[in-house]
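Chains, contacts and geometry: an overview
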Amino acid sequence: MRSTTRTLALAIAGVLLAACGHKDKDAPLAFVPADTPYVVANLDVLDDDTRGALLAQADAQLPAQLAQMNTAADQLAAKDPDSARLLRAFAAELNGKSIETFAQNAGLDIKGYSALYGLGLAPVLRFQLADAKAFEGFVGRLETAYGKKFDVATVDGQSYRRHVSAESGTQVVLAVVGKQAVAAVLPADAAQPLLRQALGLDRPAKNLQDDGRLEKLAKAKGYQKWAVGELDLARALPLAASGKDPLFNAMFKAHAEAESAKTGEPVANQLQIPPSCQADAERIASRVPELSFGYTRLEAKHQDMRWDASLASDITQAFAGLKVELPGLGADVQAPFDLAVGLPVAQLRAFWAAQADAVAAKPFACPALSDLNDGFAKLGPAMQKAAIPPFGDLLGARLALDSFDTASAGSLPTFSGRLVLGTSNPAGLLAMGQMMTPALAQLKLAADGKPVALPAGLTAMFKQPAWLAMGAKSLALGIGAGQDAKLAETLKEPTGEAGRMLRMHLNGDMYLSWVDIMQRKADSLAATTAALTGSNDAASGDEAAAALKAATAARKAQFEAMRAQAERIKTLDAEVRVDDKDLIVNSRTELK
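**Some thoughts on the confidence of the model for the chain**
Here the chain shows a mean pLDDT of 88. Residues at 70 or above account for 93%. Within the chain, the lowest mean pLDDT, 37, falls on helix α1 (residues 2-20), and the highest, 98, falls on strand β1 (residues 38-41). Predicted confidence for residues 1-21 stays below pLDDT 50, and this span has 0 contacts to residues more than four positions away or in other chains.

**Things to note about the pairing of strand β13 (residues 414-423)**
Two strands pair when backbone bridges link them, and strand β12 (residues 394-405) and β13 are joined in this way by 10 bridges, in the antiparallel orientation. Bridging from a neighbouring strand, A400 pairs with R418 of β13. With 6 bridges connecting them, β13 and strand β16 (residues 474-479) associate as antiparallel partners. Looking across to β16, one finds that R418 is bridged to G478.

**Quick word on the environment of K450**
Relative to the assigned elements, K450 resides in the loop between α16 (426-436) and β14 (452-453). Take K450: its relative accessible area is 56%, and that puts it in the exposed class. Along the sequence, K450 and K592 sit 142 residues apart, while their C-alpha atoms lie 38 Å from each other. The contact partners of K450, leaving out residues within four places of it in the chain, are L445, L468 and A469.

**Description of the packing of aromatic side chains**
According to the stated counting rule, one finds 11 aromatic pairs in the structure shown. With centroids separated by 5.9 Å and ring planes inclined at 80°, the aromatic side chains of F90 and F102 adopt a geometry described as edge-to-face. Of this pair, F90 sits in helix α3 (residues 81-94) while F102 sits in helix α4 (residues 99-106), placing them 12 residues apart in sequence. Using a relative accessible area of 29% as the deciding quantity, one classes F90 as partly exposed. Ring plane angle 65° and centroid distance 5.4 Å describe the contact between F319 and F351, whose orientation is recorded as edge-to-face. With F319 in helix α13 (residues 313-319) and F351 in helix α14 (residues 345-361), this pair connects stretches of sequence that are 32 residues apart. Each member of the pair, F319 together with F351, is buried. Among the aromatic residues, those joined into a cluster by ring pairs are F90, F102, F127, F135 and F138. Above the face of the F31 ring, R126 is positioned so that its terminal group lies 3.9 Å from the ring centre. Sitting over the face of the ring of F364, R283 holds its NZ or CZ atom 4.3 Å from the ring centroid.

**Structural notes on the pairing of strand β17 (residues 500-507)**
The buried count for β17 comes to 7 of 8 residues, which makes it a mostly enclosed element. The pairing of strand β11 (residues 337-342) with β17 spans 5 bridges and is antiparallel. Bridging from a neighbouring strand, V341 pairs with L502 of β17. Where β17 lies against strand β18 (residues 569-578), 7 bridges are found, and the strand directions are antiparallel.

**Quick look at the nonpolar core**
One finds L29, V39, Y117, Y160, L186 and L214 to be the most contacted residues of the largest nonpolar core, which totals 32 residues. Only β1, β2 (114-119), β3 (122-128), β4 (151-155), β6 (170-177), β7 (180-187), α6 (192-199) and α8 (213-221) provide two or more residues apiece to this core. No other element matches α6, which puts 4 residues into this core. With near-sequence residues (within four places) excluded, L29 lies in contact with V39, A41, L43, A115, N207, L208, Q209 and L214. L311, V324, F351 and A476 belong to the second largest nonpolar core, which has 20 residues in total.

**Examining helix α5 (residues 132-146)**
The first and last C-alpha atoms of α5 sit 21 Å apart over 15 residues, in line with the 21 Å expected at 1.5 Å per residue. Where α5 is concerned, the buried positions are A134, F135, F138, V139, G140, L142, E143, A145 and Y146. Close packing links the buried residues of α5 with α3, α4, β3, β5 (158-165), β6 and β7. Between the side-chain oxygen at the start of α5 and the backbone nitrogen of K133 there is a gap of 3.1 Å, and the oxygen is on D131. At the exit of α5 stands G147, carrying a positive phi of roughly 95°.

**Here we look at the packing of α4 against α5**
Interhelical geometry of α4 versus α5 gives an angle of 95° and a closest axis separation of 6 Å. Judged by the angle between their axes, α4 and α5 are roughly perpendicular. Here F102, Q104, N105 and A106 of α4 come into contact with α5, specifically with A134, F135, F138 and R141. Per-class residue counts for the contact of α4 with α5 are 5 nonpolar, 2 polar and 1 charged.

**Here's the deal with the state of the cysteines**
Overall, the coordinates contain 1 disulfide when judged by the stated rule. Two residues share a disulfide in this structure: C277 and C366, whose sulfurs sit 2.0 Å from each other. As the torsion about the S-S bond is roughly 80°, the C277-C366 disulfide counts as right-handed. With a gap of 89 residues between them, C277 in helix α12 (residues 275-285) and C366 in the loop between α14 and α15 (370-385) connect regions that are remote in the sequence. Of the residues examined, C277 reaches a relative accessible area of 8% and is grouped as buried.

**A look at the pattern of salt bridges**
Per the counting criterion, the structure on display carries 30 salt bridges. Across the pair D48 and R51 runs a salt bridge whose closest N-O atoms are separated by 2.7 Å. Of the two residues, D48 and R51 both sit in helix α2 (residues 48-76), 3 residues apart, roughly one turn of that helix. Using a relative accessible area of 9% as the deciding quantity, one classes R51 as buried. With its nearest N and O atoms 3.8 Å apart, the salt bridge here joins D211 to K206. For K206, a relative accessible area of 53% puts it in the exposed group. Residues joined by salt bridges that share partners form a network here, namely E136, E143, K149 and R161.

What counts as what
- Residues numbered from 1 in each chain as written.
- Predicted model: local features only at pLDDT ≥ 70, side-chain atom pairs only at ≥ 80, totals over all residues.
- Heavy atoms only, no water.
- pLDDT = per-residue confidence, 0-100.
- Helix = DSSP H or I, 4+ residues; strand = E, 2+ residues; numbered from the N terminus.
- Contact = heavy atoms within 4.5 Å.
- Pairing = 2+ DSSP bridges.
- Buried < 20%, exposed > 50% of the residue type's maximum accessible area, 1.4 Å probe, protein only.
- Phe/Tyr/Trp six-rings, centres within 6.5 Å; stacked < 30°, edge-to-face > 60°.
- Lys NZ or Arg CZ within 6 Å of the ring centre and 35° of its normal.
- Core = buried A, V, L, I, M, F, W, Y, C linked by side-chain atoms within 4.5 Å.
- Expected span 1.5 Å × (residues − 1).
- Polar contact = N/O pair within 3.5 Å; in protein donor to acceptor, adjacent residues only side chain to side chain.
- Axes fitted to C-alpha atoms, helices over the stretch in contact; angles between N-to-C directions.
- Parallel < 35°, antiparallel > 145°, perpendicular 65-115°, else oblique.
- Nonpolar A, V, L, I, M, F, W, Y, C, P; charged D, E, K, R; others polar.
- Disulfide = S-S within 2.5 Å.
- Salt bridge = Lys/Arg side-chain N within 4 Å of Asp/Glu carboxyl O.

Put into C-alpha cells, the structure is as follows:
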C-alpha cells in the first residue's frame, strides 16, 4: 500500500511539474536563435492595474507627440512627400483615440509578448496580434497614405510584403504569420534560408526560450520580467568585422557602389576586409563584452531601470574598490538639483596611460581603426599633462541648486546653491585662485569647514551674498541667502562608498523650470535669427516663410512634449557605480 501511494504521489508530482514547465512553442522567444547578438523582449506581461496606469500616462502625452509628428510631416513634405503622407496617416490613426483604442483598431495585443532580436545583425521584430485582419487593414491604410504599395511575395505558401531600398541594399519585410506580426530588415537579395528563418518557417536549432539566457540575465541583474535587453558585443562586433554577416555585407556593398560612382574606386577594392579586422573587433569586444538593461521596478508611480556594461577585469579592478572623497557623493540629499561626479584624476590618469601603452605596444592592425591608434597615441602625452596641479589633484565636483530661474530670455539666470570641488590639495587650489584674483587674497580660510564671506567686489556679479569654505579635501562656494549655513553642512556629508562614481537628483519643479528657460532662450534666438535673415534677405519669398513657420511649429511641439513629460515627474534620481564585474547605471523615476 505504501509503495502504491508513493508511486501515485510521484506520478501526480510529475504531471504538475510538466504542466508548470510547459512553454509556448510559438512564443516570440521560441523563434530567437540562442546565439543572437542582441535581443529585447518581455518575459512576462504587466498586471492590469499597472498596464492601465501606464496607458493613462501615455494618453496624457499623446497630444504633444501627435503635434510633433505632424510638424515633422510638414518639414518632410517638400523633400519626401510620400514619407510625409505616411507620417500623417500614422498620426491620423492615433488622433482622437486612446493608445488602447488604437491598439485594438490595429489588431495589436497589448497583453501579449514581443521580441526584437538579430538574425546575425539583421533586426527582426515579432509581436503577438489580437486580430490579424485588423492589423492587415491597418497596414493597408498606411500603404494607401504612403502612395506606394509594398510588393507582395510568397515563400512556401507564406505571403509577405517587401519594400526594397537600392540605396541601402536592404529590404523591409512585413508579414502576418499565424497570430503574430513579423517585421525585418534583410539584405535586398536575402537568401531563402535567412528569409525563411525571419518569417519563422524554419526554427533555430536552439532557441532563446529553451536556452533561458534572458531569464538567467534577469535573475542575476535584478531585472523584472516586463522588459529585458541584451547586446552581446562579443558576438556582434566580430560578426560585423568578419565580412560574414549578410546584412552588413549588403549595406557595405551598397555604400561601396555609391562611392565608386563618385570616385571611380572599384567596388571590389572597397569590399576587401583584412582578417586583422575580426581579430581587432574581438580585442575591443573583450574590453566591454556585454551591455544589458531592464526595469527593476515598474509601477504606476515608480519606474526604475538598471543599465549594465560588463567590463574586463583590469577595468573593474581599477575602480571597484575606489572611494572618492567628495562630500555628498554618498549622501541621500533632497536639493531640487544635486549632481556629484567622481573625477579621481590620479586614478584616471594611471588607467588611461596604461591603455595608451597597451595600444602603443600592440597597435590595431585593421585599416579602419587607424584613427583609434592615433587617438591613443595622443592620449599618453595628454595624461602626463593632466598631472599638473590643480587639475591633477582633482577628486570630483558637486553642484547643488536650491533655485534657478531667469526673469526674461535675455537676462542672466538667478540661482542659489553650492559648488564643491574635491581635491587632495584644497589649500593649493585656493592659493592659485588668490593669485589669479587679488580680491581673494584677503580671505583667511582654514580646513575646518567654516564659511567665510566673499568681498563685495566679487559678489556684485551674483547680486547676492556668497561664501567660501574649505574642508580636509574640498573647497566649496555657496551663493545666495542662507547658503553659509548649508555650506558648512555640505562639507560634512558622506563621501562616496567603494565604486560609486556619480549621483544625481532632480525634482519635477526644477525640471519644469529648465524647460521654460530653454524655451524662452530658444524663442529669443529664433526671433533674433529671423530678424537678421529678414534684414539680409528681404526678398526671401514664400518658401523661406514656410520654412520659418515649420521650424517655429516644430520648436513649439518639442517644448510642449518636454513640458508634458516634466509635469508628470516628481523626482528623477540616478547613480553610477563600478563593482567587480560591471559598470552599473541605476535610474529611478517617481511620477506625480
